[in-house]
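Working through the structure, step by step
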Amino acid sequence: MTSPKNRDFTFLAFDLGAESGRAIVGHLHAGTLSIDEIRRFANQPVHYNCAMHWDAPRLWFEMQSALHSLSTHNVTQLDAIGVDTWGVDYALLGENGALLENPYHYRDARTAGAMERVMKELTPEYIYGITGIQFLPFNTLYQLYAAAQHSPGILRQAEHLLTMPDLFNFWMTGKAVCEYTNASTTQFLDVHKRKWSTEILEKLRIPTQMLAPLIDSGEVIGVLRPEFAKLSALSATQVIAPACHDTGSAFAAVHSGEKVALISSGTWSLLGTETKKPVVTEEARRLNFTNEGGVCGTVRLLKNITGVAVTRGKITATNIHIRICWVWRPLNLRCGI
């Protein structure tokens, strides 16, 4: 972002993870960025009707509380807001933007066996050749396949399917769009054409009328709704899509590519690099590498690996180094990174 030397900017970032969320104010002054965490809150799933959901209204309450607290942190003008979250999960909106149900948690049991049933209808080679996404039983594709069998009426009612950051962007702006980096985690986005693969969904009898338009990271989604504009600091604030997938934002902040790889460690540990083109070779599919969308047209070539665990206050190392040697060497030699 370029700006006049005599102009300061103030931004607000919402970073929502699978266990907690935080709001961070960033001040850009004379090319130097300073940050201040102004709110942190838990992200706890809720259980009802024999299912596991995210408590999206509660997360939204916490985000609104952060917005209303800006004045207590001496923020008199906010130039832009950005949101990132975990991937895979989604929300369904019906008439007038109504949330049809609390979004399902990716660990909910409804997807048990769904991936295997999909593989009987579509081959792994076919799906991977189009999407380049690793096979995980909780991918959005298998969640929707399960939903089409268990609650098809809700899918028919849906006017918009939004991934989790897109839901909060919608509540802030009223604009229903899907940011590319997070959309790529669904496993029904064409990694070559950079658009939804309606062909995959149609072959699985999953409705496609609900797919929202795709946007790239860095695009302006819109300005805050009028109810927020009443706050002086938010009167002209824009909501801008960062890499809305948290891993995409993490990789955008660190140099990678060529012969440089990195590990992003959070709820998951992810080993990978940024490439200019997807790697959808048979070997990449066999090793279950994923090609997620990155910023500026890049691709995040990643592998889910074992991370670290905290036990009774102590960090317990696992087999990261062994897995790196086993996974990364074939990638360097045979995928031409």
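Residues numbered from 1 in each chain as written. Predicted model: local features only at pLDDT ≥ 70, side-chain atom pairs only at ≥ 80, totals over all residues. Heavy atoms only, no water.

1. Side note on the pattern of salt bridges
According to the stated counting rule, one finds 10 salt bridges in the structure shown. The residue glutamate 37 makes a salt bridge to arginine 40 at a minimum N-O spacing of 2.9 Å. Given a relative accessible area of 37%, glutamate 37 falls into the partly exposed group. Salt bridges sharing partners connect three or more residues here, namely Arg39, Arg58 and Glu62. (Salt bridge = Lys/Arg side-chain N within 4 Å of Asp/Glu carboxyl O. Buried < 20%, exposed > 50% of the residue type's maximum accessible area, 1.4 Å probe, protein only.)

2. A word on the sheet that holds strand 13 (residues 220-223)
The six strands lie next to each other as 3-2-1-6-14-13, forming an open sheet whose pairing is mixed. Edge positions in the open sheet fall to strand 3 (32-42) and strand 13, since each of these has one partner strand only. Strand after strand, the sheet turns through a mean of 20 degrees between neighbouring axes, direction not considered. In the packing of helix 1 (residues 56-68) onto the sheet, contacts are made with strand 1 (9-16), strand 2 (20-29), strand 3 and strand 6 (80-84), and the angle to strand 3 comes to roughly 135 degrees. (Pairing = 2+ DSSP bridges. Helix = DSSP H or I, 4+ residues; strand = E, 2+ residues; numbered from the N terminus. Axes fitted to C-alpha atoms, helices over the stretch in contact; angles between N-to-C directions. Contact = heavy atoms within 4.5 Å.)

3. Concerning the side chain of asparagine 43
Within the secondary structure, asparagine 43 is located in the loop between strand 3 and strand 4 (46-48). For asparagine 43, the side chain forms a polar contact with the main-chain oxygen of glycine 17, separated by 2.8 Å. For asparagine 43, the residues in contact, after removing those within four places along its chain, are Gly17, Ala18, Glu19, Ser20, Trp54, Leu59 and Trp86. (Polar contact = N/O pair within 3.5 Å; in protein donor to acceptor, adjacent residues only side chain to side chain.)

4. What to know about the nonpolar core
In terms of nonpolar packing, the biggest core is built from 80 residues, with Leu12, Phe14, Ile81 and Leu141 touching the most fellow members. If sequence neighbours within four positions are ignored, leucine 141 has contacts with Ile127, Thr186, Gln187, Phe188, Ile200, Leu201, Leu204 and Ile206. (Core = buried A, V, L, I, M, F, W, Y, C linked by side-chain atoms within 4.5 Å.)

5. A word on unusual backbone geometry
Although it is not a glycine, arginine 205 sits at a positive phi angle of roughly 60 degrees. As for its placement among the helices and strands, arginine 205 is situated in the loop between helix 8 (198-203) and strand 12 (214-215). Taking the relative accessible area as the measure of exposure, arginine 205 reaches 55% and is therefore exposed. Look at asparagine 288: it is not a glycine, yet its phi comes out positive at around 60 degrees. Structurally, asparagine 288 is set in the loop between helix 11 (282-286) and strand 17 (290-293).

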